[in-house]
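Chain by chain, the residues run as shown.
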Amino acid sequence: MNTPAFPLPAAARLRIVLVGTQHPGNIGAAARALKTMGLARLVLVAPEQFPADEAFRRAAGADDLLAAAGVVATLAEAVADCRYVLGCTARSRRVQLEEFEPRQAAAQAVAMAADGEVALVFGRERTGLTNEELQLCHAAVHIPANPEYSSLNLAAAVQVLAYELRLALREQSPPAAPDNRHPDEAPASHAQLEGFFAQLGQTLDEIDFHKGRTPDSAMRKLRRLFLRAQPSEQEVRLLRGVLADAQRMARLAEGRG
Ligand code: SAH
């Protein structure tokens, strides 16, 4: 059987995001890893050197992916239109995020790609992803490597995930269940959720929820809760309506007090 390069349209909604890559050779090797697995979409967030000859040399024939790669300044930009974002970390349980192994992660990513854009995010060679960057992710992925030596080369980690994505895409038959949701019930995009989180943060300040404590821990837990719930666009609008009323009441009370 002749397996096409892109077995199913879901592959077209999967993007690999490399954040702050230091060695251009790793960008090339990651492009090659993707192309061998039938994936094509690469986004580079603030690479240290790109375009670079070394990247094209290491791509070894996957230079079409490099030429088409998007380059943006921040991870938030790279995933703004995504409905599901997975962050790959070399250290297990580093963050308070649900953590998957590659197989589960790939199944989840492919399922989510049936009706929205999905990103798999990889960090810098030296320092990985920052906590702020991981907070933009719905869940973390850790390759269960030797716990005493768990950090794979960046392109090798991309290869493991790309392979699992390919297997998950092949498994995905029959193709995605018919989507009988109302269009308004599409899961909210990342940008919509970030808008909601910003308003939630403001509201908590305005109703004096933190009472002198630092807001970080509560916001982290709330973010985790809402990211896990994967609210629809309509639900995010409803939540924002609730917040707007709470803000209005807080301002009235302030005026009276
Ligand atoms: N020194 C860094 C390792 C970075 S390796 C750290 O301790 O975080 C570069 C990137 O490859 C990581 O950010 C991650 O995205 C990916 N990676 C490496 N090993 C991995 C593993 N075992 N599981 C998942 N991702 C891994």
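This one's a predicted model, so the numbers in the text were calculated from it and none came from an experiment.

Enquirer: Which parts of the structure should I look at to understand the domain arrangement of the protein?
Expert: Looking at the protein, the domain boundaries give domain 1 (9–171) and domain 2 (183–256). Distance from the C-alpha centre of domain 1 to the C-alpha centre of domain 2: 29 Å. With 15 residues of domain 1 at the contact, the number on the domain 2 side is 15 residues. Together, the buried faces of domain 1 and domain 2 total about 1,300 Å²; carbon and sulfur atoms form 52% of this surface. Considering only the side of domain 1, the residues that lose the most area to domain 2 are R83, Q96 and Q135, jointly responsible for 47% of the buried surface there. Viewed at the interface, domain 2 and domain 1 are joined by one salt bridge. Across the pair E233 and R83 runs a salt bridge, and its minimum N-O distance is 3.5 Å. Linking domain 1 to domain 2 there are six residue pairs in polar contact (both at pLDDT 80 or more). Where the side of domain 1 that touches domain 2 is concerned, the elements lending two or more residues are β4 (82–88) and α5 (102–112). Counting residues per element, the side of domain 1 that touches domain 2 draws most heavily on β4, which supplies four residues.

Enquirer: What should I look at first to understand the sheet that holds strand β7 (residues 139–141) in this one?
Expert: Strand pairing in a sheet relies on backbone hydrogen bonds, with the paired strands running either antiparallel or parallel. Taken together, seven strands build an open sheet; the order of strands is β3-β2-β1-β6-β4-β7-β5 and the sheet is parallel. The strands lining the two open edges of the sheet, one partner per strand, are β3 (70–72) and β5 (99–100). Relative to β7, β4 runs parallel, the two sharing three bridges. Across the sheet, residue L86 finds its bridge partner in β7, namely A139.

Enquirer: Explanation requested: the pairing of strand β1 (residues 14–19) in the structure shown.
Expert: Both faces of the sheet carry side chains from a regular strand, because those side chains alternate between them. The buried fraction of β1 amounts to six of the six residues, a majority that puts the element mostly inside the structure. With burial as the criterion, each face of β1 is covered, one bearing L14, I16 and L18 and the other bearing R15, V17 and V19. In this sheet, strand β6 (residues 117–122) lies alongside β1 in parallel orientation, the contact comprising five bridges. Across the sheet, the residue bridging to I16 is L120, located in β6. The pairing of β1 with strand β2 (residues 42–45) spans four bridges and is classified as parallel. In the sheet register, V19 faces β2, and the bridge partner there is V45.

Enquirer: When you look at the site of the ligand in this model, what are you seeing that I'm missing?
Expert: Taken together, 19 residues are adjacent to the ligand, and C88, R126, I143, S150 and L152 come closest. Within the backbone of C88, a nitrogen or oxygen atom sits 2.7 Å from an oxygen atom of the ligand. Bound to the protein, the ligand loses 93% of the 540 Å² it would expose on its own. In this structure, the ligand is accommodated by the largest pocket. Of the residues that constitute the shell around the ligand, the class distribution is eight nonpolar, seven polar and four charged.

Parameters and conventions
- Residues numbered from 1 in each chain as written.
- Predicted model: local features only at pLDDT ≥ 70, side-chain atom pairs only at ≥ 80, totals over all residues.
- Heavy atoms only, no water.
- Domains from an automatic or database assignment.
- Contact = heavy atoms within 4.5 Å.
- Buried area = accessible area lost by both parts, 1.4 Å probe.
- Salt bridge = Lys/Arg side-chain N within 4 Å of Asp/Glu carboxyl O.
- Polar contact = N/O pair within 3.5 Å; in protein donor to acceptor, adjacent residues only side chain to side chain.
- Helix = DSSP H or I, 4+ residues; strand = E, 2+ residues; numbered from the N terminus.
- Pairing = 2+ DSSP bridges.
- Buried < 20%, exposed > 50% of the residue type's maximum accessible area, 1.4 Å probe, protein only.
- Near = heavy atom within 4 Å.
- Areas by Shrake-Rupley, 256 points an atom, 1.4 Å probe, with all protein chains shown as cover.
- 1 Å grid on protein atoms, 1.4 Å probe; cavity = no way out; pocket = protein on both sides within 12 Å on 5 of 7 lines; lining within 4 Å.
- Sits in = over half its atoms within 2 Å of the grid points.
- Nonpolar A, V, L, I, M, F, W, Y, C, P; charged D, E, K, R; others polar.

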